[in-house]
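Observations on chain architecture
Each chain, written out:
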Amino acid sequence: MVFAPKATHKSKAKMDLTAALLEHVPTFEGAGWADKARAAARARLADMGLPLGRDEYWKYTNPTVFTDFDPKFESEIPASAIFDSADAVTITIANGAIVGDMPKLDGVEIHSLATAAAADIHWVQDTFGVLEAAGQVNVERPLAALTTVLAGDGVLINVTADVTQPIRIVTSTDGGQANLHHVVKVAAGAGITVLEEGAAGARASTNLEVVVEDGGRFDHVRVFPAINGRDLSSHIFARVGADATFRSFTLTPDGSMTRNEAVIDITGDAATAHIAGACLGDGAVHHDDTVFITHDAVDCESRQVFKKVLRNGATGVFQGKILVKEGAQKTDGYQISQSLLLDDDSQFLAKPELEIYADDVACSHGSTSGAIDDDALFYLRSRGVPHGTAVDLLTLSFLAEAVDEIADDDVQQVVLTHLEALLQARHG
Amino acid sequence: MLDIKNLHVSLEEEDKQILKGLNLTLEPGKVHAIMGPNGSGKSTLSYVLSGKDGYEVTDGSATLEGQDLLDLEPEERAAAGLFLAFQYPVEIPGVGNMTFLRTAVNAQRKIRGEEEMSAGDFLKAVREKAKSLKIDADMLKRPVNVGFSGGEKKRNEILQMAMLEPKMCILDETDSGLDVDAMKLVAQGVNALRGGDRTFLVITHYQRLLDHIKPDVVHIMADGKIIKSGGPELALEVENNGYADLLAEVA
């Protein structure tokens, strides 16, 4: 089975825009792995061209906020303290650069990309930019290639034991643009939880490449800041081995523009990959989750659970695909994308896709848009719960399936408490 | 306690009149039952009193201890002491039964300007009341009414009533969908709450429930009005003869 790459149309406008951008991007000529990877990504980007609104993959989201030369916002986004209670080791990143020394954690090797590239540390070279490149095969993701080129720093994590204490990455910015590129390698039978909070920049672009080897576990929980003056583009590229578990959850409250892409390749038998997102969009907010999961092994399970609560003109987008390759029998694929529209001004745009080349699989997908259930609202109010609180309770109830995807109960509780506070803050 | 005068109510969407001049006075501490054939407006009465959307009051009044109910939001009516046990309790996935109960108890206290119930006191009260209604810890943990049997849902209604300690309880066909044992359990729960000034309005199709919750007064409702009131013997008359004779009497 050959999957023809779905290349975008290389219009003159696209290639001119790309050439103009690349004039400002250094050519990497060093002999180290980082420079080689960046030069290769630069070449990929030059071939693909930057995204345009007419590209199929950008039909619901205008990419120009990410390709304009000047970021729209200069917002300061201070470091948040959401996971303070999580008993994690913390890595602090300000304005796109790691601050201070790397924490020590048994069973884990942690480096900054800046240091590792300079010191030519090798374990990361077969992953850095490699998963990103592989993730371009079915769908072009030029912004991810651009991030590989531009990111000067990021966290590189090599996990060789099953570690219970989470690693927490806190990002903040004084404004402006920042790019980060993280790599996590989880060895066979090892495991790690990574918590992320904050925004790398007022315009930020982040890559996260994750390799989970056989029997490994990777848990990822990410909370973006509830600040409207920011544009975020993030890519997760994951490769999940046999009997391994990959789980990622993102909470996106507001933010002018957010595009979260995830490309997950399940390559080993009996593996599990869950990706979930919860969004609270209020006002001039555009929030896009774009997911591509490939099943290329037997007896694997994948879940995509995305819930968006929208009001006052917010737009939610979901593009989710399950690709089941020939021979990937006993695949159990589940995908749900739902919006709760709290008024008539908001919209949800969804494009669920299934492409299946195996005959013994169970794949289900659903997408709905709905309002608050009047009967449930009346039931709560008839018990004395005020209208606003009742709407909040029903909103949390709507988001529960996504938040439930967080495996660690304590972390889940932290996210729920944060969500409750965000909803409370909306009452002014 | 509850005073309803000349109440006229239409459906907002259909312009159809359901209640056509209903009068009802409930003295404090009494249990009143309303019986009536299908379509007589019994459930509409309970919804209008508790403030559900979709009904338009075109004439008349309803007051709770002199306070105009019809002017209040549903949550304000609840805080004023009104409670409706639903005929069909609503399932709310994702909201834990305990969270819901505590939110409701404290929300009412807040509206009344009272102090919130401490987590310890709340837990103690819930456990004690749940036990007498045979509601186990699992039911308290589960999302509100989700996956509950018909009997469990009705017991859960009574648990809410017990926790919220309302002055005026309306039970809308609480017996529907219950077997005899479940009905006894629910009735026990209700009877345990009788006493003092707490007043009940029990809406039912059948006399059977009234064997277990003994009413002081029975009203027969038809075509949006109370057509006859009497003692408990009126319920027996309906049970034996149906509504036809009573309806013919008034016609």
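Position numbers for residues start from 1 in each chain and track the written sequence from start to end. Each chain gets a letter, beginning with A, and each ligand a number, beginning with 1, in the order they are written. Per-residue local features of the predicted model are confined to residues with pLDDT of at least 70, and side-chain atom pairs are confined, for both listing and counting, to 80 or more; whole-chain, interface and lining totals are unaffected and use all residues. Calculation of side-chain values draws on the structure's entire complement of heavy atoms; hydrogens and water are dropped beforehand.

1. Description of the confidence of the model for chain B
Let me state the cut-off plainly: Here pLDDT means the predictor's own confidence in every residue, given as a number from 0 to 100.
Of all residues in chain B, 100% have pLDDT values of 70 or greater, and the mean over the chain is 90. On the interface metric, ipTM, the complex scores 0.95, and its pTM is 0.90.

2. Comments concerning the nonpolar core
All names here are of chain A. Stated formally: Here, nonpolar core means buried Ala, Val, Leu, Ile, Met, Phe, Trp, Tyr and Cys residues that are tied together by side-chain atoms lying within 4.5 Å of each other. Partly exposed describes any residue whose relative accessible area lies between the buried limit of under 20% and the exposed limit of over 50%, with all areas from a 1.4 Å probe on protein chains only and scaled to the type maximum. Numbering of helices and strands runs from the N terminus, with a helix taken as a DSSP run of H or I at least four residues long and a strand as a DSSP run of E at least two residues long. Here a residue-residue contact requires only that any non-hydrogen atoms of the pair lie within 4.5 Å.
With 121 residues, the main nonpolar core has F83 and F249 as its most contacted residues. Ranked by the residues each element gives to this core, the list is headed by helix α8 (residues 387-403), at nine residues. Residues within four places of F249 in sequence aside, it is in contact with H220, V221, R222, A276, G277, A278, A402, V403, I406 and V415. Counting 54 residues, the second-largest nonpolar core is a separate cluster that includes I77, A178, A262 and V285.

3. Details of the pattern of salt bridges
Spelled out, the test is: Each salt bridge in this description consists of a side-chain nitrogen of Lys or Arg and a carboxyl oxygen of Asp or Glu lying within 4 Å of one another.
Inspection of every chain in the model, using the stated rule, returns 34 salt bridges over all chains. A:D84 is paired through a salt bridge with A:R168; the nearest N and O atoms lie 2.8 Å apart. Within this pair, whereas A:D84 is found in the loop between α3 (64-67) and β1 (89-94), its partner A:R168 is found in strand β5 (residues 167-172), the two being separated by 84 residues in sequence. A salt bridge links B:E91 to B:K153, with the nearest nitrogen and oxygen atoms 3.0 Å apart. On the criterion of sequence distance, the pair formed by B:E91 in the loop between β6 (82-85) and β7 (92-96) and B:K153 in helix α6 (residues 150-164) is long-range, its members being 62 residues apart.

4. Observations concerning a negative patch on the surface
Keep this limit in mind: Within this analysis, patches are made of residues with over 30% relative accessible area and no salt bridge. Like charges are joined at 9 Å or less; nonpolar side chains (Val, Leu, Ile, Met, Phe, Trp, Tyr) at 5 Å or less. In short, Shrake-Rupley with a 1.4 Å probe defines the accessible areas, and a residue's cover is counted only from the protein chains shown. By the counting scheme adopted, Arg and Lys are positive, Glu and Asp are negative, and His together with the chain ends is not counted. Lys charges are placed at NZ, Arg charges at CZ, Asp charges at CG and Glu charges at CD.
A cluster of acidic residues, A:D373, A:D374, B:E12, B:E13, B:E14, B:D15, B:D53 and B:E56, forms a negative patch at the surface. Within the secondary structure layout, B:D15 lies in the loop between β1 (2-11) and β2 (16-26). Since its relative accessible area comes to 68%, B:D15 is described here as exposed.

5. Quick notes on helix α7 (residues 180-193) of chain B
Residues and elements named next belong to chain B. This is how it is decided: Here the expected length of a helix is defined as 1.5 Å per residue gap, with one fewer gap than residues. Pairs of N or O atoms within 3.5 Å make up the polar contacts considered here, provided that, within protein, one atom can donate a hydrogen while the other can accept it, and that residues adjacent in sequence are counted only when both atoms are side-chain atoms.
The end-to-end C-alpha distance of α7, which contains 14 residues, comes to 20 Å, matching closely the 20 Å that a straight helix rising 1.5 Å per residue would cover. Looking at the packing, one finds that the buried side of α7 touches α4 (119-132), α6, β9 (168-172), β10 (199-204) and α8 (208-212). Of the residues that open α7, the one with a side-chain oxygen 3.2 Å from the backbone nitrogen of D181 is D179. Once α7 finishes, G195 follows within two positions and takes phi at roughly 135°, a positive value.

6. Focus on the sheet that holds strand β11 (residues 217-222) of chain B
Residues and elements named next belong to chain B. The cut-off we apply is this: What makes two strands pair is DSSP finding at least two bridges between them. The angle between two axes is taken between their N-to-C directions and runs from 0 to 180 degrees, where each axis is a line fitted to C-alpha atoms and a helix contributes only its stretch in contact.
The strand order across the open sheet formed by six strands is β6-β9-β10-β3-β11-β12, and the pairing between neighbours is mixed. Where the open sheet ends on each side, the last strands, each with one partner, are β6 and β12 (225-230). Ignoring which end each strand starts from, the neighbouring axes of this sheet average 20° apart. Taken together, the five bridges between strand β3 (residues 31-35) and β10 define a ladder with parallel strand orientation. Its bridge partner lying in β10, I34 is registered against I203. On top of the sheet, α6 reaches β6, β9 and β10; it is set at about 170° to β6, its chief contact.

7. Some words on the interface of chain A and chain B
Reports often express the size of an interface as the amount of accessible area lost when the parts come together. To be explicit about the condition: A 1.4 Å probe defines the accessible area here, and the buried area is the portion of it lost by two parts on being joined, summed over both. Under this grouping Gly is polar, as are all residues other than the nonpolar Ala, Val, Leu, Ile, Met, Phe, Trp, Tyr, Cys and Pro and the charged Asp, Glu, Lys and Arg.
Counting residues at the interface gives 17 residues for chain A, matched by 29 residues for chain B. Across the chain A to chain B interface the summed buried area is about 1,800 Å²; carbon plus sulfur atoms make up 68%. Contact with chain B buries area across many residues of chain A, yet A:F378, A:Y379 and A:R383 alone supply 43% of it, more than any other trio. At the junction of chain A and chain B, the tally comes to four salt bridges. The element that contributes the greatest number of residues to the side of chain A that touches chain B is helix α7 (residues 374-382) of chain A, accounting for seven residues. Of the residues that constitute the side of chain A that touches chain B, the class distribution is nine nonpolar, five polar and three charged.

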